[in-house]
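Overview (structure and organization)
These are the residues of each chain, in order.
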Amino acid sequence: MLKGKLLSPNKAKELTTILCEHYKDAKYYLNFKTPIDLVVAGILSAQTRDEAVNASTPKLFAKYKTAKDYAEAGVEDLMKYISRISFAGNKARNIIMAMKLISEKYNGKVPNSMEELVELPGIGRKTANTILINAYGIVEGIPVDTWGIKLSYRLGLSMQKDPEDMEQDLMKIVDKKYWHNFAYVIKTHGKQICQTVPICSKCPVNAICPKNGVAKQL
Ligand code: SF4
């Protein structure tokens, strides 16, 4: 467990509700048109900035559209489009293996359950949540990415270290009507206000936030 001030359940709910209302239009950051695109973007996004993924995917998505297209590609073929993305070789291999599974086991359709999605290479619970929400409108949990990890601690919402444990804490606090875009609310807040040196003077939750780990603020 991390050391810091954990908000009471009531205060945590109040803080998350304020943020969710403040950023109610926050949306998923990665570009995609189909569930297949979304699986690929999700695999590419691990430890990679959204902007880098969005810069690489238009040409990739124009060339490869179906699970079979990817399943029949070689690593070198995909590398032509994703070489600027971190761990590109591993990600290309995961994409090809995931698409082979989707092609053979699910008849080319991206599965729509958590259990099936997390079996795909390169897909963990965070990305599976993202696929369920954005491809199928199924809200089973809250995706916890690097912004979620950083800000859940800073805002006193969870002292867990593991993102899946953090997700369980958040699911107890955040009103279920906000789960579908909570990850994007947090990311938008992090990018706009709660940066490395947070702009607390402009923050809508300044009066409640315990500011765990904040050494300097504006
Ligand atoms: S900007 Fe400051 S007050 Fe707002 S959430 Fe971040 S650390 Fe807390």
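Quick caveat, the model's predicted, so the values are computed rather than measured. (Residues numbered from 1 in each chain as written. Predicted model: local features only at pLDDT ≥ 70, side-chain atom pairs only at ≥ 80, totals over all residues. Heavy atoms only, no water.)

To continue, consider the side chain of H189. Position of H189 among the secondary structure elements: in helix α11 (residues 179-192). For H189, a relative accessible area of 1% puts it in the buried group. Beyond its immediate sequence surroundings of up to four residues, H189 is in contact with L19, Y23, L151, C194, C203 and P204. (Helix = DSSP H or I, 4+ residues; strand = E, 2+ residues; numbered from the N terminus. Buried < 20%, exposed > 50% of the residue type's maximum accessible area, 1.4 Å probe, protein only. Contact = heavy atoms within 4.5 Å.)

So, about the packing of aromatic side chains. Using the criterion set out here, one finds 4 aromatic pairs in the structure. Here Y28 and F32 contribute two aromatic rings whose centre-to-centre distance is 6.0 Å and whose plane-to-plane angle is 65 degrees, an arrangement assigned as edge-to-face. For Y28, a relative accessible area of 19% translates into the label buried. Cluster of aromatic residues (ring-pair linked, three or more members): Y28, F32 and Y184. (Phe/Tyr/Trp six-rings, centres within 6.5 Å; stacked < 30°, edge-to-face > 60°.)

Contacts to the ligand come from 13 residues, most closely from H189, C194, C200, C203 and C209. A per-class count over the shell around the ligand returns 9 nonpolar, 2 polar and 2 charged. (Near = heavy atom within 4 Å. Nonpolar A, V, L, I, M, F, W, Y, C, P; charged D, E, K, R; others polar.)

Per the counting criterion, the structure on display carries 9 salt bridges. Residue K191 pairs with E51 through a salt bridge whose shortest N-O separation is 3.2 Å. Taken together, the positions of K191 in helix α11 and E51 in helix α3 (residues 50-63) put the pair 140 residues apart, joining distant regions of the chain. Here K191 falls in the partly exposed class, since its relative accessible area comes to 31%. Residue E51 is classed as partly exposed on the basis of its relative accessible area of 42%. (Salt bridge = Lys/Arg side-chain N within 4 Å of Asp/Glu carboxyl O.)

This brings us to the domain arrangement of the chain. When the domains of the chain are assigned, the result is domain 1 (9-26 + 142-202) and domain 2 (35-136). Look at where the C-alpha atoms of domain 1 and domain 2 centre, and you get two points 26 Å apart. Contacts between the two partners involve 13 residues from domain 1, matched on the other side by 8 residues from domain 2. For domain 1, the biggest contributors to the area lost against domain 2 are P143, E167 and Y184; these three give 43% of the whole. E167 is the salt-bridge partner of R125, the closest N and O atoms lying 2.6 Å from each other. At the boundary of domain 1 with domain 2, the tally comes to 5 residue pairs in polar contact (both at pLDDT 80 or more). Taken together, the elements giving at least two residues each to the side of domain 1 that touches domain 2 come down to α10 (163-173) and α11. Looking at the side of domain 1 that touches domain 2 element by element, the count peaks at 5 residues for α11. (Domains from an automatic or database assignment. Buried area = accessible area lost by both parts, 1.4 Å probe. Polar contact = N/O pair within 3.5 Å; in protein donor to acceptor, adjacent residues only side chain to side chain.)

Before going further, it helps to spend a moment on helix α6 (residues 88-105). Here α6 contains 18 residues, and its C-alpha end-to-end distance of 25 Å stays within 8% of the 26 Å for a straight helix at 1.5 Å per residue. Regarding α6, the residues found buried are A88, G89, K91, A92, I95, I96, A98, M99 and I102. On its buried face, α6 is in contact with α2 (35-44), α4 (67-71) and α5 (75-82). (Expected span 1.5 Å × (residues − 1).)

Judged by nonpolar contacts, the single largest core of 65 residues is most densely connected at L15, L60, Y70, L78, M99 and L157. The contact partners of L15, leaving out residues within four places of it in the chain, are L7, L155, L157, V205, I208 and C209. (Core = buried A, V, L, I, M, F, W, Y, C linked by side-chain atoms within 4.5 Å.)

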